[in-house]
Amino acid sequence: MAKLLSLACFRNEGWHNLSARSHYPSMPSYPKGDPGTSSTSAAAVTEASNVTGLFSVNGMTCSACAGSVEKSIKRLHGIQEAVVDVLNNRARVIFHPSFVNEEAICEAIEDAGFEAALLGDVTNDISIQICRIQIKGMTCTSCSTAVESALIALSGVVEARVALATEEANVHYNPNIVTYSQILEAVDDAGFAAVLISSSEDLSKIDLQVEGDLADHSMITLIEDSLRSLPGVLELRTSLELSKISLSYKPDLTGPRDFINVIQETSNGNLKAKIFPGEGGRRDAHRNKEIKSYYKSFLWSLVFTVPVFLTSMVFMYIPGIKDLLDSKVVKMLTIGEVIRWVLATPVQFIFGWRFYVGSYKSLRRGSANMDVLIALGTNAAYFYSVYSVLRAATSKVFEGTDFFETSAMLISFILLGKYLEILAKGKTSNAIAKLLNLTPDTAILLSLDGEGNVVGEEEIDSRLVQKNDAIKIIPGAKVASDGLVVWGQSHVNESMITGEARPVSKRKGDTVIGGTLNENGVLHVKATKVGSESALSQIVRLVESAQMAKAPVQKFADRISTYFVPLVILISFSTWLAWFLAGKYHAYPKSWIPSSMDSFELALQFGISVMVIACPCALGLATPTAVMVGTGVGASQGVLIKGGQALESAHKVNCIVFDKTGTLTIGKPVIVNTKLLIKMVLREFYELVAAAEVNSEHPLAKAVVEYAKKFKDEENPSWPEARDFVSITGHGVKATVRNKEIMVGNKSLFTDHNIAIPAVAEDLLAEAENLAQTGIVVSINGEIAGVLAVSDPLKSDAQEVISILKSMKIKSIMVTGDNWGTANSIAREVGIEDVIAEAKPDQKADKVKNLQASGYTVAMVGDGINDSPALVAADVGMAIGAGTDIAIEAADIVLMKSNLEDVITAIDLSRKTFSRIRLNYIWALGYNVLGIPIAAGVLFPSTGFRLPPWIAGAAMAASSVSVVCCSLLLKYYKRPKKLNSLDIGAITIETSSDPLIIHDD
């Protein structure tokens, strides 16, 4: 998945952050902070958007060239994504124009040794939309590659990903150039059936199913007019055939419950409406239909194939029955041959018709897939048998052999294999099905009066919950939507979303996640995110996108599949020709030829066996099925892995860079000591400091403001007005409060402003550093007024996790914006030897790049605020402690819990998944490398062993099923046993009850 740029100005974690959003994710931000940047300008920067540029790149000859171009572009700051197409000599770059321009990108490409030029104008990234399409009829990798090529060839399509395992495509397109209808037509033209699942336009769209008599057109027109008159309704479409009304709307203004009420009231109750069956139901219905289709075809083919098998393989050895079957009908034509012909024909042309259709569509688009091999193999056996039968019916001396049992048994076994394969592939996506099933069927909607008092309640469909609704969550019930607790207290089990086993305490002001389980008390919740905006929906979309994304290793299978089928056809023909010529010129003894065949028929059997034993499907399924199961297992354990690229990179990680604040520590710093260096009442001191700090979103600033509240009586106190507020990146803030110039920050802030720090303050700062605390200096009107000591407790599992990583031979490094004393103290405590302190956000990214240049595969673990550039620069970015905001694009892996142990789980799971991919490839390649020569008869001269075509077909079908089943074994993944010994207990923070006040005359 592409890494999304969400731009914000940074303060390094040793001091304040002026990101427009305080919660994760506000990353990645590429620019270096401007000392004069204010919070207002930061918000403005955040609103900026990316643009996409298409560049021609001449001189590339192979994938290595493309890789070097891509690396050169990605080294630039402000680059979100760079994709290089070596076949078409072009590169698509998504970048932020405030920090890099087209000329700089062209120069980077030219520095890599290639010629570059901008093709057309850059386009605003906001205009790019995404649609998901269900594609029916794909059987192997060559099919998915053909669809992908057809989509990419469309003007206006920016990116297309086709997943064979899920039979779906994700298409990024510019709606100003191409529509999703044209995209669907392109898939149809490629020979496949396409059904739109969703598009970007559907994010605020709903389909309603109307029940009742729709014959009254005037009533339908009145309902349409009534719906259009609702505030927030953008578009309306009616399908009388499906009894469906589709609406696009603004969720902040209206919602599905309003639409249903309007329909029922306008029709005087004659019509009723409900939400149309969801996407998950349609997908399951399609899969079930396909499963039933293959099952039915297999059973019927079996009805005809079993008698064919018996008459050719069994009854021929039973006296009496053999004589009956050998009875002549016309000349040399026997009853047995007629029976086999009659029974094999419907198997070939009715139950095997799908393979003819697949072959035609494949050949029409200029490629060849598995259906072509099946059709050629079965046709060769069937039509040779027809020739043999017709010749026997017209000759008095010809005694030929038919192979009707070969074609019939081949088709039956392949149908069985396809049936088992679809069953197994359905199980690989169980993770998404489980996530979709977390949402409760109903919700209790509360009615409130003007003062916010509850005056009534009713049970409604949970899909009808709208923004700002008040809903009631009773003990034992699931939370119907994301929201904010407005009344009540309880414990909520969030393990199904975050993987966190312990119930989380919830009270007024806390957030809850839809789909989680309320354990004891009653809660009243204000719905804040519904439908596609909810955390659960975003997790589902993230996992679906991850399962769509191809791992780089899959390019290997894609390359093979391009040449596989033509090569197999060539080998098959060569095998038949070699055996036929060897038999004709007596190159082998006649005793080798079975009594029921001649040399031509023996050669034909070898040729057909080669054609039907080869299996490109197993190669095509090796990676996507393992990625699908691996990402699903990760999601169930609170580790969201964004597809094959992240998996492949994570399994190679041998160096992890940890952020300190919020990663190794719990991320909630508290004031543990206050020392004043001037005569001042502590209350007044903290009023001034808090007034300056309240404009900052940095954790340290929040700690100061929170501590200052102790000196106020009210829960949400107001602070004096701060004028001329300025944030200095990596240093601190300054403002004018009550006509006094207040400066709050680290030591370097005062050094830069030529404010001398007295020896007593230096001693206090040194003492704080030795205690792994952060020292904050405060000055009033240019005079040092006090020193604050802030402590951020370590996470309880930090030391054990670092120790386990060492045993896994993974190097651990800590990079922080904090001072050296605090950084070294924390590092010693957790067991990290390499430390980089006082690092600004861009310096963290530079450190990551230096490690990569030294040969390390680097993972960056951060909380997603100041660590964004490093998260993007790393081979694998891991965002820890995501909480309820799941709309994360910057990190490759999202750790839902705040437990460091999940870093190990993520790496171990990626290693297990990738080893499974390797095993799949070894099996798929080994099967073909060994199976094709055996089918060609290399063992026949020495051992007399020959592989009949029907057995070869059964082996081919079994190979695909075995690869899928091998991937399914990942479902039983268990995290490393070393982690079971970790006791992740609750962390409590205690602050000093009374600050220490020092008066210095």
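Notes on the structure follow.

1. As for the pattern of salt bridges
For step 1, the next point in the chain: The tally for this structure, following the rule as stated, stands at 21 salt bridges.
For step 2, the next point in the chain: One salt bridge in this structure joins Lys-844 and Asp-659, with 3.6 Å as the shortest N-O distance. Taken as a pair, Lys-844 in helix α28 (residues 841–853) and Asp-659 in the loop between β25 (655–658) and α21 (660–664) lie far apart in primary sequence, 185 residues in all. Accessibility classification places Lys-844 together with Asp-659 in one group, the buried group.

2. Quick look at the nonpolar core
For step 1, the next point in the chain: Core analysis: the largest hydrophobic core is formed by 140 residues, its most contacted members being Ile-656 and Ile-893.
For step 2, the next point in the chain: Per element, the largest residue contribution to this core is 13 residues, and it comes from helix α30 (residues 901–936).
For step 3, the next point in the chain: Not counting residues within four places of it along the chain, the set of residues in contact with Ile-656 comprises Leu-805, Ile-810, Lys-811, Ser-812, Ile-813, Ala-859, Val-861, Val-903 and Ile-907.
For step 4, the next point in the chain: Formed by 37 residues, the second largest nonpolar core is a distinct cluster that contains Leu-214, Leu-236, Phe-259 and Leu-271.

3. Side note on the pairing of strand β15 (residues 442–448)
If a strand is regular, its side chains alternate between the two faces of the sheet.
For step 1, the next point in the chain: As paired strands, β15 and strand β16 (residues 454–461) are joined by seven bridges and run antiparallel to one another. The residue bridging Leu-445 from the neighbouring strand is Glu-458, located in β16.
For step 2, the next point in the chain: Adjacent in sequence and paired antiparallel, β15 and β16 are bridged by five residues, among which Gly-452 carries a positive phi angle near 90°.
For step 3, the next point in the chain: As paired strands, β15 and strand β17 (residues 470–473) are joined by three bridges and run antiparallel to one another. Directly across from Leu-445, in β17, lies its bridge partner Ile-471.

4. Let's talk about the sheet that holds strand β9 (residues 205–211)
For step 1, the next point in the chain: Pairing is antiparallel in the open sheet, where four strands are placed in the order β10-β11-β9-β12. Two strands lie at the open edges of the sheet, namely β10 (233–239) and β12 (272–275), each paired on one side alone. Looking at each pair of strands side by side, their axes are set apart by 25° on average, direction ignored.
For step 2, the next point in the chain: Running over the sheet, helix α6 (residues 217–228) touches β10 and β11 (244–249) and is turned about 160° from β10.

5. Some words on unusual backbone geometry
For step 1, the next point in the chain: With phi around 70°, Asn-468 is a residue other than glycine that occupies positive phi space.
For step 2, the next point in the chain: Tracing the sequence through the fold places Asn-468 in the loop between β16 and β17.
For step 3, the next point in the chain: On the accessibility criterion, Asn-468 (53% relative accessible area) is exposed.

6. Looking at the packing of aromatic side chains
For step 1, the next point in the chain: Counted by the stated rule, this structure contains 25 aromatic pairs.
For step 2, the next point in the chain: Note on Phe-349 and Tyr-356: the rings are 5.9 Å apart at their centroids and 20° apart in plane angle, and the pair reads as stacked.
For step 3, the next point in the chain: Using a relative accessible area of 28% as the deciding quantity, one classes Phe-349 as partly exposed.
For step 4, the next point in the chain: Their ring planes at 85° and their centres at 5.8 Å tell us that Trp-576 and Phe-600 sit as a pair that is edge-to-face. On the criterion of sequence distance, the pair formed by Trp-576 in helix α17 (residues 554–584) and Phe-600 in helix α18 (residues 599–613) is long-range, its members being 24 residues apart.
For step 5, the next point in the chain: A residue is classified by how much of its surface remains accessible, and Phe-600, at 27% relative accessible area, is partly exposed.
For step 6, the next point in the chain: Above the face of the Tyr-294 ring, Arg-354 is positioned so that its terminal group lies 4.2 Å from the ring centre.

7. A closer look at the packing of α18 against helix α32 (residues 949–968)
For step 1, the next point in the chain: In the contact formed by α18 and α32, the axes pass within 8 Å of each other and the chain directions differ by 10°. Taken together, the axes of α18 and α32 lie roughly parallel to each other. Packed against α18, whose contacting residues are Gln-605, Ile-608, Ser-609, Val-612 and Ile-613, the element α32 presents Pro-949, Ala-952, Gly-953 and Met-956 at the interface.
For step 2, the next point in the chain: Grouping the amino acids of the contact of α18 with α32 by side-chain chemistry returns six nonpolar, three polar and no charged.

8. Topic: the pairing of strand β18 (residues 482–488)
For step 1, the next point in the chain: Strand direction decides the pairing type here: β18 and strand β23 (residues 523–529), joined by six bridges, are antiparallel. The residue of β23 that forms the bridge with Asp-482 is Lys-529.

9. A closer look at a nonpolar patch on the surface
For step 1, the next point in the chain: A cluster of nonpolar side chains, Tyr-295, Leu-299, Leu-302 and Val-306, forms an exposed patch at the surface whose accessible area comes to about 310 Å².
For step 2, the next point in the chain: Positionally, Val-306 belongs in helix α8 (residues 279–314).

Rules used in this analysis
Residues numbered from 1 in each chain as written. Predicted model: local features only at pLDDT ≥ 70, side-chain atom pairs only at ≥ 80, totals over all residues. Heavy atoms only, no water. Salt bridge = Lys/Arg side-chain N within 4 Å of Asp/Glu carboxyl O. Helix = DSSP H or I, 4+ residues; strand = E, 2+ residues; numbered from the N terminus. Buried < 20%, exposed > 50% of the residue type's maximum accessible area, 1.4 Å probe, protein only. Core = buried A, V, L, I, M, F, W, Y, C linked by side-chain atoms within 4.5 Å. Contact = heavy atoms within 4.5 Å. Pairing = 2+ DSSP bridges. Axes fitted to C-alpha atoms, helices over the stretch in contact; angles between N-to-C directions. Phe/Tyr/Trp six-rings, centres within 6.5 Å; stacked < 30°, edge-to-face > 60°. Lys NZ or Arg CZ within 6 Å of the ring centre and 35° of its normal. Parallel < 35°, antiparallel > 145°, perpendicular 65-115°, else oblique. Nonpolar A, V, L, I, M, F, W, Y, C, P; charged D, E, K, R; others polar. Patch = residues over 30% accessible without salt bridge, like charges linked within 9 Å, V, L, I, M, F, W, Y side chains within 5 Å. Areas by Shrake-Rupley, 256 points an atom, 1.4 Å probe, with all protein chains shown as cover.

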